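# Summary of the model geometry
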Amino acid sequence: MGKAKRRSLHLGINNQISNLSREDAVERVVSMLKNPDEYKNDVYNLVTLFGMSAEELLEAGAAYETVMSLKGIVME
């Protein structure tokens with residue numbers, strides 16, 4: 001993980017995590033999407049920070065409708 005991502009995570013996206021791999025971030029986003037009201041800002045921050053694609057999220061188990069609702073922020 002590069003210095004910029006590590007710094008961004010340290011500044012408050014997920015204070016409890018110091019190092020987060022891309023795979024862990026995808027799994028975390030999918031679990032957060034199951035309860036969108038509580039984690040809305042964290043989902044957007046992680047998706048944009050890692051530049052996740054819709055295909056990645058779908059393969060990890062996210063619902064199609066939920067991923068399509070993120071159409072403006074997920075990579076094509």
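Heads up: the structure comes first, above all this text.
It should be emphasised that the depicted structure is a prediction, and the values quoted were computed from it without experimental measurement.

Following the sequence through the fold, Glu27 ends up in helix α2 (residues 22-33). With a relative accessible area of 52%, Glu27 lands in the exposed category. Separated by 30 residues in the primary sequence, Glu27 and Leu57 have C-alpha atoms spaced 8.3 Å apart.

With twelve residues, α2 extends 16 Å from end C-alpha to end C-alpha; this agrees with the ideal 16 Å at 1.5 Å per step. Among all positions of α2, only Ala25, Val26, Val29, Val30, Met32 and Leu33 are buried. Along the axis of α2, the buried positions cluster into a sector of 165°, meaning they face one direction only. Those residues of α2 that are exposed and aimed more than 90 degrees away from the buried face are Glu23 and Glu27.

Within the secondary structure, Ala60 sits in the loop between α4 (54-59) and α5 (64-69). Of the residues examined, Ala60 reaches a relative accessible area of 38% and is grouped as partly exposed. Each C-alpha atom, one on Ala60 and one on Val30, is 7.0 Å from the other, the two residues being 30 residues apart in sequence. Residues in contact with Ala60, not counting those within four places in the same chain, are Val26 and Val30.

This part covers helix α3 (residues 36-50). Of all the bends in α3, the greatest measures close to 40° and is centred on Asp42. For α3, the complete set of buried residues consists of Val43, Leu46, Val47 and Phe50. Remark: Gly51 follows α3 within two positions and exhibits a positive phi of approximately 60°.

What counts as what
- Residues numbered from 1 in each chain as written.
- Predicted model: local features only at pLDDT ≥ 70, side-chain atom pairs only at ≥ 80, totals over all residues.
- Heavy atoms only, no water.
- Helix = DSSP H or I, 4+ residues; strand = E, 2+ residues; numbered from the N terminus.
- Buried < 20%, exposed > 50% of the residue type's maximum accessible area, 1.4 Å probe, protein only.
- Expected span 1.5 Å × (residues − 1).
- Arc of directions from axis to C-beta.
- Contact = heavy atoms within 4.5 Å.
- Bend = angle between axes of the 7 residues up to and from the residue.

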